[in-house]
Amino acid sequence: MPALTIDKNALEHNISLIRQLAGDADIIAVLKHNAYGLGLCSFAAFLQKRGIRHFAVTDLADATALRKSGIAGNILLLTPLYDFNDIITAILHDIELSITSPSCAEALESAATYLNRFAVPAQLCIDTGFGRYGFLPQDSSRIIDAVYTMHHIRITGIFSHLHASACRDESCVRKQFADFTALCETLSEAGIALEQRHISSSSSLLKFPDMRLDAVRIGSAFVGRLSVPDTLGFQEVCRLTAHITDVHTLPAGHNVGYGNSFRLRRPAITAVTDAGYCHGLGVKHTHYPGNHGCAPLYILRRLKQTITSKAPCARYQDKLFPVLGQICMNCSIIDITDCPLSVGDVVTFPINPVFVDSEVARQYV
Ligand SMILES: *Cc1c(COP(=O)(O)O)cnc(C)c1O
């Protein structure tokens, strides 16, 4: 079985870059989907030891798991809860909740009333253009009404999410930010104290330092995988560690892998590794075009990606070994003609940890 190796030095390096960029703003570590694959509780503990005090997740089960594992700081649940028992669970674990609608506010209020708890912390979630969760900024009177009907909930913050911070055109981002800050003003004038205002995440932290407000929510920058050009030197923190399970000599012209898609141009020594696409090897996220009206552009971009994308290479010390043919579910074949390896040798692959099955062990080294 391969393992996911997480380089602590690279992580520390990224954390210190994020600190410099964040300045006085709180850093909220976003730990959705098993902390981007780094391992929910182990990564949270790593951050807590280094002084990070704010965390955010998208699943209640993740929030309670963090609390049970000894995370003492703020844990913000970025998604709404409507189920009475779920809200009770969240309150008893001291989770900061999100309010995305008037009925969500009612549900929180009734659970807090039932528990006879006062000042239960919750943040207002605003949809400034993502089309996902939250009140619309033009609905300030609905927000004010919702807040004033809650007597057991304390508003600890307000947040929104940018949808185009990695795009070249900055106008959407500027509009979202302007709408968000204008709403914050309106709510403040209505007597609602908004302690922690936040809208920025990794891409916008790099591109729009003026949008930091009181906190920044960071996920991908920790992992060193940014969707904007990186001029600061964030480092990739993960490699997939695999083992050579067999070695063969094959003649020129021999097929390798599924689909009749690859033939050896020369006689080769090949090695089978135990890493395949089920471990995330070679897996990429593809964007569905939606109904944007730019389908031809999208198809061209995909075509370009297909043509220019290279097979991943295994690394052994400072030598690289290209993957031959298609990657199988739980193995891959590499060309070791130029530097023979043996069964049992360990090689590593570049990897996006998000796609590494949670069954794969995480090792911090
Ligand atoms: C995923 C997510 C983030 C973190 O985004 P990165 O670009 O990975 O830093 C922040 N806020 C919300 C609401 C998210 O869903």
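Note that the coordinates shown come from a computational prediction; the quantities given were computed from them, not determined experimentally. (Residues numbered from 1 in each chain as written. Predicted model: local features only at pLDDT ≥ 70, side-chain atom pairs only at ≥ 80, totals over all residues. Heavy atoms only, no water.)

*Asks:* Explanation requested: the packing of aromatic side chains in the structure shown.
*Replies:* For the structure on display, the rule yields four aromatic pairs. Here Phe-43 and Phe-222 contribute two aromatic rings whose centre-to-centre distance is 5.6 Å and whose plane-to-plane angle is 80°, an arrangement assigned as edge-to-face. Remark: Phe-222 occurs in helix H10 (residues 220-223) and Phe-43 occurs in helix H3 (residues 40-49); sequence separation between them is 179 residues. The same class applies to Phe-43 and to Phe-222, which are both buried. A connected cluster of aromatic rings, assembled from ring pairs, spans Phe-43, Phe-46, Phe-222 and Tyr-364. Of note, Arg-50 hangs over the ring of Phe-46, and the distance from its end group to the ring centre comes to 3.6 Å. The residue whose ring lies beneath Arg-132 is Phe-130, and the NZ or CZ to ring-centre distance is 4.2 Å. (Phe/Tyr/Trp six-rings, centres within 6.5 Å; stacked < 30°, edge-to-face > 60°. Helix = DSSP H or I, 4+ residues; strand = E, 2+ residues; numbered from the N terminus. Buried < 20%, exposed > 50% of the residue type's maximum accessible area, 1.4 Å probe, protein only. Lys NZ or Arg CZ within 6 Å of the ring centre and 35° of its normal.)

*Asks:* Looking at this structure, I do not really get the pattern of salt bridges. What am I missing?
*Replies:* Should the charged atoms of two oppositely charged side chains come close, the side chains can pair. Under the counting rule described, the total for this entry stands at 10 salt bridges. Between Arg-266 and Asp-335 there is a salt bridge, with its nearest N and O atoms 3.3 Å apart. With Arg-266 in the loop between strand E10 (238-250) and strand E11 (268-273) and Asp-335 in strand E14 (residues 332-335), this residue pair connects regions lying 69 residues apart in the sequence. Assessed through its relative accessible area of 14%, Asp-335 is described here as buried. For Asp-338, the salt bridge identified is with Arg-266, shortest N-O distance 3.7 Å. Taken together, the residues Asp-338 in the loop between E14 and strand E15 (346-350) and Arg-266 in the loop between E10 and E11 connect sequence positions 72 residues apart. On the basis of relative accessibility, which here comes to 37%, the residue Arg-266 falls in the partly exposed class. One connected set of salt bridges, linked through shared partners, spans Glu-170, Arg-174 and Asp-210. (Salt bridge = Lys/Arg side-chain N within 4 Å of Asp/Glu carboxyl O.)

*Asks:* Quick question: what am I supposed to make of the pairing of strand E12 (residues 313-316) here?
*Replies:* The side chains of a regular strand alternate between both faces of the sheet. Taken together, the four bridges between E12 and strand E13 (residues 319-324) define a ladder with antiparallel strand orientation. Bridging across to E13, Arg-315 finds its partner in Leu-320. With antiparallel pairing between neighbouring strands as the criterion, E12 and E13 make up a hairpin whose turn holds two residues, including Gln-317 at a positive phi of roughly 50°. (Pairing = 2+ DSSP bridges.)

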